[in-house]
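Here are the chains, one letter per residue:
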Amino acid sequence: MNRRSFLEGLSRSLALLWTGVLVFPGVRYVMATIHRENSSGGTARRVARLADLPVGRPMSVAITGNRQDAWTTYPNQSLGQIFLVRRENNSEDPTQVQIDAYSTVCPHLKCQVQHDPAKKQFVCPCHRGAFDLEGQPLSKAQLGHDNPVPGPLESYVVSVVEDDQQELWVEVNYDA
Amino acid sequence: MSTLLTDQPVDAPPAKSPSRHAWLDWLNDRTSYRYGLRVLFQRELPDGPKWGYSIASCLLWMIVIQVVTGFLLMTTYSPSLATAWASVHFIERDASGAFLRGVHHYAAQAMFVLFLAHLIRVLLTAAFRAPRELVWVTGLLMIPLVLAWAITGNPLSGSQRGISQIDVEGNIIATTPIVGPLLQRILIGGDRVGNLTLTHLYFLHVGLLPALATALLTFHLWQVYRYGLSGGSTSRTTTPQKYWPQQSVRNMIVLSIVLGTVSILAWKVGAPLEVPADPEIENSPRPEWYLLSLFELRHYFNGPWEIVATLIIPMAVLLFLISVPRIDVACSRRVSAVFRVSVVVLFFGGWSWLTLSSMARDRQDEQFQASEAHLRELSERARMLADRHGVPLEGASALLRNDPKTRGPRLFARHCANCHSHTDESGQGIVAVESSAPNLYGFGTRRWVAGLLDPDKISGPEYFGNTRAAEGDMAGMIHDLFDSASSDEERTELTAQMDAVALALAHEAGYVLVTQLDDAAQTRLNEGRELINTSCIDCHKFHDEGDLGSAPDLTGYGSADWLRGMISDPNGERFYPDDLNDRMPAFHSQPHAASGNMLSEDELNLLIAWLRQEWDEAESR
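Being a predicted model, the structure only gives us computed values, none of them experimental.

### Some points on the overall build of chain A
- When helices and strands are counted, chain A shows 2 helices and 9 strands.
- For chain A, the N- to C-terminal ordering of α and β elements is α-β-β-β-β-β-β-β-α-β-β.
- The globule rule puts the C-alpha radius of gyration for 176 residues at 16 Å, and the 26 Å found for chain A is more than 25% above it.
- Based on the C-alpha atoms only, the size of chain A along its principal axes is roughly 90 × 50 × 30 Å.
- By residue count, 37% of the 176 residues in chain A fall in the buried class.

Structural data, given as C-alpha cells:
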C-alpha cells in the first residue's frame, strides 16, 4: 500500500465512521416511534364490587385511568369498556371466585362488541361477528353465516381483592 | 467508490469513462456528476494542502450536522410554552434522542470555537486580500447571523433559563433607537414572553435564519471556489497539489477530533435541560459562554449608556473588521503584518478578557453559585417527576408547582416563618424570623409529641416557650405531673408512659400503622390510648371521650385533616377557641370563597403534604 492509497482509505473510513455515528442514532430515533404506544400503563384497576356482579350474565364496566399521550398525562380518562363474566356464585373463599374479563373491541375491525342476552352471545354489529360467552368465535354451523372474526376476544387477568373496609373488589389488569 | 473519483484533469470534458457500474454511467450521462466531484476534489491547491483550511471545512460540516440533527429533533419538538419543555424531556427519555440533542447542543458550541479560529487564521494569513474582499465581508456577516441562530435556539427548551435569556435579549433589542421597541414586541409576540414567543423563536431558528445563512454561505463558498483557497501572503515555493486526498485527509482528521469531542460530550454529559419556566422561580439569567463577553460589557455601561454596550461597540467592532482589507491595502508589508497580528491580539484578547472576567465574577459570587445549585436540584426533580407521572395538561411548570417538596418550603417561608421555625435535629431548615411559635419540623410524629410531653422542653423555644401556652394549662399539667414524681424511677416511668402516649398520637396522625407494629409495640400503643383516655380527656376530646372547647381535639391529631382544620381556622371549636389562641392566624377561613383566603385550597394541601413529608422521592441510586 502506498502513501496515497493509505490517505485515501483513511479519509473514506473516517467519513464513513462519522456518517454512521450520526445516521445510526438518527434512524433509531425515528424508528422508536414504531414501538411507542400512547398507553395508560398496565396497572391493576378496581372496576366493580364483587357483590354487584351477577352470576353467568356478562356485565360491561368502564375502565378509567390516566391516559398518556406522548409527553402529556390526561388524568381520569375513560380508557374503554370490558365485559366481566362471573362464573360461579359462592365458594369457600370469595377471593377465589372465577371471573373472566374480555375486551369489548372486536378483533376483526375494532368495532364495539355488544352482549346479546337472548342469544347468549357477544355480537359485533359491524360485520355480524359473534363470540360465545367464553369469548371464542362461533363457527359457521352455529351461526348460519360466515363469521368474519379472526380470533377470540382479548382477555385480561382478573383478581378479587379486599379493601380496608372488608369490601370485595374485582381488579382487572388492564393495559391499553 | 474508486469509480467516483478518477484522476482526470479538471478541465477535461465530462468524460465517458467506462465503469463497472452501468447505472452510474447512466447517471453520469444525465448529470455529469463525476465532473462535479472532480471539480471539488481534483482542484489544484496552489500552496499545497494546509491544516488551516481544515478549520473552515470542519465549520461547514458542523453546519450540516446542525441541520441533520435539527431536522431529527423537529420530528418531536413542540413549540409552545405549555409543551416545549415536555417535548424536549420526551426527546431526552430516548437514548438516541438524548444523543442527537447532545450533538446539536455541543456542535453549536464547537461552531463558535471553529468560527473564531477561522477568523483568526484568515486575519493572520491575510486571506481577505483582493480579490477575496467579498469572501471576507460575507464571512463577517455570518457572525451576527450565527449568533442569532444560537440565541433563538437556546430558549426553545422552554426552561426558566432560556425564557429569562430571551426576556433580557428582548430588552437589549429594545435599546436600539426607534425600531428597537417595535422589534422587541414582534420577537416576543406581545408584551410578555408566552406561547407566541416560542413559536416566533422557532420560526426564526428553523425557518428564516437557516434560509439567510444558506444564501450568505452559498455566496461565500462560490467566491471561495471562484478565487481558490488562499494560502496567504507568504508565497513560499510549494508544489501545487490536488485537494484529494492530501487536503481531504486533513479535513477528516480535524473533523474527527471535533466531532469526537462533541460525541463524547453528547453521550456522556448530554445537553442540559434546566428547570421548566415558571416566573416564581428566581434566577439571575446568564447567557451562554460565547455571549458572556457582551454580557460583561454591559456591566460597564448603565442607564442611558447601555446602548454603548448593546449596540455601538459590537457594531463598531464589526465595521472595523469589515474595513480591515481597506486599511491593509494602505500598509507596507511590514506594517500590515504588525497590524494584522495586533488586530488578532486585540480582538481575541478583549473577547477572552471579558469572558473570563465575567466567569470569575460569577465564580466568586456565592449567592449566585448557591442559586445555580438550587436550580440544578429543581431541574433534576422536575425531570424525575415527569419521568414518573408524565407532564400534566397545564404544562411542565405545573410539575414543580404541584410538588409539595418544592412548593412547601416556599409557602412556609412566606406564610409561617414569621413565627414558626422548621428545623431538624441538626438545626437545618427554615429558621423563623422571630421564633414565637412551636418548631413544626416533624409535627405530630412520635418524636415531636414526646418532646411536647417532656417537662424540660414544653416551655422551651422549640415548643410553647415563646407563646402564651408556656404558662398555659397544658404546660402546667405536664410540669405538675412530673413534679409529683418523688423518685427518679417514677420519673423514668412517667417518661415511658409519655412515650406510649406519643406513639398513640403518632398513630392518630397516620405516621404509625398498626399493621407494621410488632406485638410489643402494639401493646404499647394500646397502653398509650388508655393513658390518653384516663389523663387527658379532662381537657381534650379523644374520639368518643371528652369535650371540645377547652383544648385542641386529639382525635386524628396531626393528620392531614387535623392540620387542614388547624391551619384553615385555629379559632374553630376543635382547636383553639375563644382566647385560647395566642396568635396563630386563620389562613383559609372561607372555604367556599374563591379569594380572600391567605392560602388557597391547593396551597393548603401542598403545605400540609410537605409538613407531613408526603412527596415523591427518587429511588436512591
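### Details of the overall build of chain B
- Helix and strand counts for chain B stand at 23 helices and 5 strands.
- Against the compact-globule benchmark of 25 Å for 621 residues, chain B has a radius of gyration of 36 Å, which places it well outside the compact range.
- Dimensions along the principal axes, computed over C-alpha positions, put chain B at roughly 115 × 65 × 50 Å.
- Of all 621 residues assigned to chain B, the portion counted as buried reaches 47%.
- Considering only contacts in chain B between residues 6 or more positions apart, those separated by 24 or more positions represent 65%.
- Here chain B carries 50 positive and 67 negative side-chain charges, and the mean point of each set is 23 Å from the other.

### Structural notes on the nonpolar core
All names here are of chain B.
- Ranked by internal contacts, the top residues of the largest apolar core, which has 69 residues, are Met62, Met142, Val258, Val262 and Leu399.
- Element by element, the count of residues in this core is highest for helix H5 (residues 95-125), at 9 residues.
- Not counting residues up to four positions away in its chain, the partners in contact with Met142 are Phe115, Ala213, Leu216 and Leu217.
- Within the second largest apolar cluster, 51 residues are counted, among which are Ile478, Ala485, Leu531 and Leu611.

### Describing the packing of helix H12 (residues 306-322) of chain B against helix H14 (residues 333-364) of chain B
Residue and element names in this part refer to chain B.
- Here H12 crosses H14 at 160°, and the two axes come no closer than 13 Å. Taken together, the axes of H12 and H14 are roughly antiparallel relative to one another. The element H12 and its partner H14 pack so that their crossing is left-handed. Across the interface between the two elements, Val317, Phe320 and Leu321 of H12 pack against Phe339, Val343 and Phe347 of H14.
- Among the residues making up the contact of H12 with H14, the classes are represented as 6 nonpolar, no polar and no charged.

### Quick word on the confidence of the model for chain A
- Scored by pLDDT, chain A comes out at a mean of 88, with 93% of its residues at no less than 70.
- Of all secondary-structure elements in chain A, the lowest mean pLDDT belongs to strand E1 (residues 43-49) of chain A, at 79, while helix H1 (residues 3-35) of chain A reaches the highest, 94.

### A short note on a nonpolar patch on the surface
- Taken together, the side chains of Val23(A), Val27(A), Met31(A) and Ile34(A) present a nonpolar region at the surface, about 370 Å² in accessible area.
- The exposure class assigned to Val23(A) is partly exposed, which follows from its relative accessible area of 45%.

### Some thoughts on the environment of Leu607(B)
All names here are of chain B.
- Inspection of the secondary structure assignment puts Leu607 in helix H23 (residues 601-611).
- Taking relative accessible area as the criterion, Leu607 reaches 1% and is therefore assigned buried.
- Counting along the chain gives 534 residues from Leu607 to Leu73, while the straight-line C-alpha distance between them is 39 Å.
- Every residue in contact with Leu607, bar those within four places of it in the chain, is listed here: Gly408, Leu411, Phe412, Cys416 and Leu599.

### Here's the deal with the state of the cysteines
- Here the structure, examined in full by the defined rule, presents 1 disulfide over all chains.
- Across the disulfide from Cys111(A) sits Cys126(A); the S-S distance is 1.9 Å. Across the S-S bond linking Cys111(A) and Cys126(A), the dihedral sits near -105°, which makes this disulfide left-handed. Highlighted residues: Cys111(A) in the loop between strand E4 (99-103) and strand E5 (114-116) and Cys126(A) in the loop between strand E6 (121-124) and strand E7 (129-131), separated in sequence by 15 residues.
- Here Cys124(A) is not cross-linked by a disulfide; its sulfur's nearest cysteine counterpart is in Cys106(A), at 3.8 Å.
- Residue Cys416(B) stays outside any disulfide, its sulfur separated by 8.7 Å from that of Cys419(B), the closest cysteine.

### With respect to the side chain of Ser263(B)
- Note that Ser263(B) resides in helix H10 (residues 246-269).
- A relative accessible area of 11% means that Ser263(B) is categorised as buried.
- Among residues more than four places away in sequence, those in contact with Ser263(B) are Trp18(A), Val21(A) and Phe99(B).

### Section: the environment of Leu321(B)
All names here are of chain B.
- Within the element layout of this structure, Leu321 appears in helix H12.
- Leu321 gets classed as buried once you look at its relative accessible area, which sits at 3%.
- Each C-alpha atom, one on Leu321 and one on Asn581, is 74 Å from the other, the two residues being 260 residues apart in sequence.
- Discounting residues that sit within four places of it in the chain, Leu321 has contacts with Trp136, Leu140, Val343 and Phe347.

### A closer look at the interface of chain B and chain A
- Counting residues at the interface gives 36 residues for chain B and 25 residues for chain A.
- Counting across the chain B and chain A interface gives 8 residue pairs in polar contact (both at pLDDT 80 or more).
- At the level of elements, helix H3 (51-74), helix H4 (84-93), H5, H10 and strand E3 (391-392) of chain B are the ones that each hand at least two residues to the side of chain B that touches chain A.
- The dominant element in the side of chain B that touches chain A, judged by the number of residues it contributes, is H10(B), at 9 residues.
- Residues belonging to the side of chain B that touches chain A are distributed by class as follows: 20 nonpolar, 14 polar and 2 charged.

### As for a negative patch on the surface
Residues and elements named next belong to chain B.
- Together, Asp488, Glu489, Glu490, Glu493 and Glu527 give the surface a local cluster of negative charge.
- Looking at the negative patch element by element, the count peaks at 4 residues for helix H20 (residues 488-509).
- By the element assignment, Asp488 lies in helix H20.

### Quick word on H20(B)
Residues and elements named next belong to chain B.
- End to end, H20 covers 31 Å across 22 residues, agreeing with the expected 32 Å (1.5 Å per residue, within 8%).
- Among the structural elements, helix H18 (446-452), helix H19 (473-483) and helix H21 (519-535) are those in contact with the buried residues of H20.
- Phi for Gly510, located one or two positions after H20, is positive at around 90°.

### Some thoughts on the domain arrangement of chain A
- Here the domain parsing of chain A yields domain 1 (1-35) and domain 2 (43-174).
- Inter-centroid distance (C-alpha atoms) of domain 1 of chain A to domain 2 of chain A is 51 Å.

### Comments concerning the pattern of salt bridges
- Applying the stated criterion to the full structure yields 33 salt bridges over all chains.
- Lys140(A) serves as the salt-bridge partner of Asp146(A), at 3.7 Å between the closest nitrogen and oxygen.
- Under the relative-accessibility criterion, Lys140(A) is labelled exposed at 52%.
- As a salt-bridge pair, Arg93(B) and Asp387(B) come within 3.5 Å of each other at their nearest N and O atoms. Residue Arg93(B) is located in helix H4, and its partner Asp387(B) is located in helix H15 (residues 366-389); the two are separated by 294 residues in the primary sequence.

Reading the values: the criteria
- Residues numbered from 1 in each chain as written.
- Chains lettered and ligands numbered in written order.
- Predicted model: local features only at pLDDT ≥ 70, side-chain atom pairs only at ≥ 80, totals over all residues.
- Heavy atoms only, no water.
- Helix = DSSP H or I, 4+ residues; strand = E, 2+ residues; numbered from the N terminus.
- Rg over C-alpha atoms; globule rule 2.2 N^0.38 Å.
- Buried < 20%, exposed > 50% of the residue type's maximum accessible area, 1.4 Å probe, protein only.
- Contact = heavy atoms within 4.5 Å.
- Lys, Arg positive; Asp, Glu negative; His and termini not counted.
- Charge placed at Lys NZ, Arg CZ, Asp CG, Glu CD.
- Core = buried A, V, L, I, M, F, W, Y, C linked by side-chain atoms within 4.5 Å.
- Axes fitted to C-alpha atoms, helices over the stretch in contact; angles between N-to-C directions.
- Parallel < 35°, antiparallel > 145°, perpendicular 65-115°, else oblique.
- Left-handed = near helix turned anticlockwise from the far one by under 90°.
- Nonpolar A, V, L, I, M, F, W, Y, C, P; charged D, E, K, R; others polar.
- pLDDT = per-residue confidence, 0-100.
- Patch = residues over 30% accessible without salt bridge, like charges linked within 9 Å, V, L, I, M, F, W, Y side chains within 5 Å.
- Areas by Shrake-Rupley, 256 points an atom, 1.4 Å probe, with all protein chains shown as cover.
- Salt bridge = Lys/Arg side-chain N within 4 Å of Asp/Glu carboxyl O.
- Disulfide = S-S within 2.5 Å.
- Polar contact = N/O pair within 3.5 Å; in protein donor to acceptor, adjacent residues only side chain to side chain.
- Expected span 1.5 Å × (residues − 1).
- Domains from an automatic or database assignment.

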